[in-house]
Amino acid sequence: MPDTSSTRLGDRPLVPRPVHAEQGTSEGLTLTAATRVAADAESRGTLAWLQRELGASTGLPLPVRDGDGDGTLIRLSVDPDAGLAPEGYRLTVDTGEAVIVGHDPAGAFYGAQTLRQLLPAAAYRSAPLTGVEWTLPAVRVTDAPRFRWRGVMLDVARHFMPKREVLRFIDLLAAHKLNVLHLHLTDDQGWRVEIRRYPRLTEVGSWRAESQVGAAAPPVFDGRPHGGFYTRDDIREIVAHAAARHVTVVPEVDVPGHSRAAIHAYPELGESGEIPVWTRWGISGDVLAVTDHVLEFYKNVFDELVELFPSTYVHVGGDECPKGQWKTSESAQRRIREEGLGDEDGLQSWFIRQLDAHLTARGRRLVGWDEILEGGLADGATVMSWRGEEGGVAAARAGHDVVMTPTATSYLDYKQSEDPDEPVPVGTPLRTEDVYLADPVPGGLTEEEGRRVLGAQVNVWTEHIDTPRRLDYMVFPRAAAFAEQVWSSGERDYAEFEPRLVHHLERLEAAGVEYRPLDGPPPWHTRPGVRGR
Ligand code: ACM
């Protein structure tokens, strides 16, 4: 059991809560111009990060120790034999020294993130304020995550987020010890990743003529073009920036539904001829044809993704594919007959299986939304359970890995309260408290089945999130509560968490995050006249 009484650490509470923290009896450590740093080879990446981040916020030089030297010291190392769990660390702050030992390089990094939380909140600024004393309380923290998949999905298809915002988003995930950024790169409303072989995907598929505003019926439009995409170099930069913070970027190209932007660029991919990139929200009936040409096209697309993204997991979507067009499509019906697939669900399943085999042959693993269960699950597939927990339960029982992301507790596009002033309120209310109290492992699984749960993820769908400001408002502080759901072990009590969260908000404020205040939306975050659903 975690020692919750001692994790408050005065005004430096840790979020997410560590496995164990105990306050020492010494005075602790104050960083000064005389403070030196040291690291072994395996923690040198974290050292560079720490020097850059704390160097900026404190204005201290934090040079690497040369010989024995004088002055206080921050020392980092990796030791797989230190009795720590994967991604775990031990951090000891005492007079004269702060020592971080990671089980692995990720553990050393998380120890350094904890060290930053032990400093005043101004440690999250990018230039020093005068008059701040950079004190660290004497403490001994031993920590490791409960789950290995601690994810956030960002939908950059509905609204494009500039690269610099994605980089900043990664910094914020890492600050919360989250380690997967799932990028939803394609949808009916836009294609956001450059594919060398098929340039029209971004030339014409990356922008739309206008956008629906809110969820009113009949729809209201803004009359303003929207677009953007990441070049291959942008992607390489995002992936490397994430890797340096122990975040894996999982790419998603959504098939065979949610594909209008691709069909607009290459009409032979679809069943409906020329169609515009979609300007409204919802589920489109225009889906991919299941021809050899389409299969070849997407294998080539996934080959380029595999080149750009080192992630073991590659997401193929698979959600919300209406089967109407396939019922009357000559090529779809022929494929169903020739392959003995039974029906259109069997056809979708067949299509996903082809991609599964293709990715597996390249040493990767396919992950898809829980609709990939319908018509039979591909051999190596991992299931992302979003329509409740049922898909996750069924997949775990069938011996497949699962990531839990049920709408009711994981959809950060859902409104944060019943307050009518919440901006474009959609979905069921999902309060910070609800995210905090959710448990990733569905009830009713055996221990063995429960081990199939790799972890959990929150999803940020962006139909109604059109700017970085709004992104901050919808994601924080719910992502901080989520971090505790997936990182921390033991009982969770919101009354214990909330005071820590209040302190944690000072860090977000220092980092310039426009989080939703706990008491509701400020006037500038309301959207008068824009209808929700
Ligand atoms: C989804 O929300 N369509 C996965």
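Residues numbered from 1 in each chain as written. Predicted model: local features only at pLDDT ≥ 70, side-chain atom pairs only at ≥ 80, totals over all residues. Heavy atoms only, no water.

(A) Geometry of the overall build of the protein. Helix and strand counts for the protein stand at 17 helices and 20 strands. Here the C-alpha atoms of the protein give a radius of gyration of 24 Å, agreeing with the 24 Å that 2.2 N^0.38 yields for 533 residues. Here the C-alpha coordinates of the protein stretch approximately 80 × 50 × 45 Å along the principal axes. For the protein, buried positions account for 59% of its 533 residues. Put simply, the protein shows about 20000 Å² of open surface, and 49% of that area lies on carbon and sulfur atoms. Where the 57 positive side-chain charges of the protein centre and where its 80 negative ones centre are 2 Å apart. (Helix = DSSP H or I, 4+ residues; strand = E, 2+ residues; numbered from the N terminus. Rg over C-alpha atoms; globule rule 2.2 N^0.38 Å. Buried < 20%, exposed > 50% of the residue type's maximum accessible area, 1.4 Å probe, protein only. Areas by Shrake-Rupley, 256 points an atom, 1.4 Å probe, with all protein chains shown as cover. Lys, Arg positive; Asp, Glu negative; His and termini not counted. Charge placed at Lys NZ, Arg CZ, Asp CG, Glu CD.)

(B) Layout of the sheet that holds strand E1 (residues 20-23). Strand order in the open sheet made by the 6 strands is E1-E8-E5-E6-E4-E3, with mixed pairing throughout. Each edge of the open sheet is held by one strand with a lone partner, namely E1 and strand E3 (36-39). Strand-to-strand twist across the sheet, computed as the mean angle between neighbouring axes with direction ignored, equals 5°. Sheet analysis places strand E5 (residues 89-94) next to strand E8 (residues 139-143), joined by 5 bridges and oriented antiparallel. (Pairing = 2+ DSSP bridges. Axes fitted to C-alpha atoms, helices over the stretch in contact; angles between N-to-C directions.)

(C) Here's a closer look at the packing of aromatic side chains. Overall, the coordinates contain 16 aromatic pairs when judged by the stated rule. Arranged with centres 5.1 Å apart and planes meeting at 75°, the rings of Trp149 and Tyr313 form a pair that is edge-to-face. Taken together, the residues Trp149 in strand E9 (residues 149-155) and Tyr313 in strand E16 (residues 313-317) connect sequence positions 164 residues apart. Like Trp149, the residue Tyr313 is buried in the burial classification. Arg116 extends its terminal NZ or CZ atom over the ring of Tyr124, reaching a point 4.4 Å from the ring centre. A cation over a ring is seen here: Lys177 above Trp487, with NZ or CZ 5.8 Å from the ring centre. (Phe/Tyr/Trp six-rings, centres within 6.5 Å; stacked < 30°, edge-to-face > 60°. Lys NZ or Arg CZ within 6 Å of the ring centre and 35° of its normal.)

(D) A look at the packing of helix H7 (residues 292-308) against helix H10 (residues 344-361). Taken N-terminus to C-terminus, the directions of H7 and H10 make an angle of 40°; their axes are 11 Å apart at the nearest point. For the element pair H7 / H10, the angle class is oblique. With respect to the hand of their crossing, H7 and H10 are arranged in right-handed fashion. In this structure, H7 contributes Val294, Leu295, Tyr298, Lys299, Phe302, Asp303 and Val306 to the contact, and H10 contributes Trp350, Phe351, Gln354, Leu355, His358 and Leu359. Residues belonging to the contact of H7 with H10 are distributed by class as follows: 9 nonpolar, 2 polar and 2 charged. (Parallel < 35°, antiparallel > 145°, perpendicular 65-115°, else oblique. Left-handed = near helix turned anticlockwise from the far one by under 90°. Contact = heavy atoms within 4.5 Å. Nonpolar A, V, L, I, M, F, W, Y, C, P; charged D, E, K, R; others polar.)

(E) Here's a closer look at unusual backbone geometry. The omega torsion across Val15 and Pro16 is 0°, close enough to zero to call that bond cis. Among the structural elements, Pro16 can be located in the segment before E1. Of the consecutive residues Ala217 and Pro218, the connecting peptide bond is found in the cis state with omega at -5°. Its place among the elements puts Pro218 in the loop between strand E13 (207-208) and strand E14 (226-227).

(F) Broad picture of the sheet that holds strand E17 (residues 365-369). Taken in spatial order, the 8 strands close into a barrel running E9-E10-E15-E16-E17-E18-E19-E20, and their pairing is parallel. Averaged over all pairs of adjacent strands, the angle between strand axes in this sheet comes to 30°, irrespective of strand direction. Pairing geometry for strand E15 (residues 248-255) and E16, over 2 bridges, is parallel. Each residue of the ladder has a partner; that of Glu252, found in E16, is His315. Sheet strands touched by H7: E15 and E16. Its angle to E15, the strand with the most contacts, is close to 170°.

(G) Summary view of the pairing of E8. Across the two faces of E8 the burial differs, with Val139, Val141 and Asp143 buried and Arg140 and Thr142 not buried at all. Relative to E8, E1 runs antiparallel, the two sharing 4 bridges. In the sheet register, His20 faces E8, and the bridge partner there is Thr142.

(H) Just the pattern of salt bridges, in detail. With the rule as written, the count across this model stands at 41 salt bridges. Here Glu237 ties to Lys163 by a salt bridge, and the two come within 2.8 Å at their closest N and O atoms. With Glu237 in helix H5 (residues 232-243) and Lys163 in helix H3 (residues 163-175), the pair connects residues that are 74 residues apart, well separated along the chain. The class of Lys163 is partly exposed, set by a relative accessible area of 27%. The partner of Arg431 in a salt bridge is Glu433, with the nearest N and O atoms 3.7 Å apart. Salt bridges here are not isolated pairs; linked through shared partners, they connect Arg17, Glu484, Glu496 and Arg500. (Salt bridge = Lys/Arg side-chain N within 4 Å of Asp/Glu carboxyl O.)

(I) The arrangement of the pairing of E16 in detail. In terms of burial, E16 is largely enclosed, as 5 of its 5 residues are buried. On E16, burial covers both faces: Tyr313, His315 and Gly317 on one face and Val314 and Val316 on the other are all buried. Of the pairings in the sheet, the one linking E16 to E17 comprises 3 bridges and is parallel in character. Counted as the bridge partner of Val314 is Leu366 from E17.

(J) Here's a closer look at the nonpolar core. In terms of nonpolar packing, the biggest core is built from 156 residues, with Trp191, Leu201 and Tyr298 touching the most fellow members. By residue number, the principal contributor to this core is H7, which donates 9 residues. (Core = buried A, V, L, I, M, F, W, Y, C linked by side-chain atoms within 4.5 Å.)

(K) Representation of the confidence of the model for the protein. Across the protein, the average pLDDT comes to 96, with 98% of residues at or above 70. For the stretch residues 1-8, pLDDT sits under 50, and the model shows 22 contacts to residues farther than four places along the chain or on other chains. (pLDDT = per-residue confidence, 0-100.)

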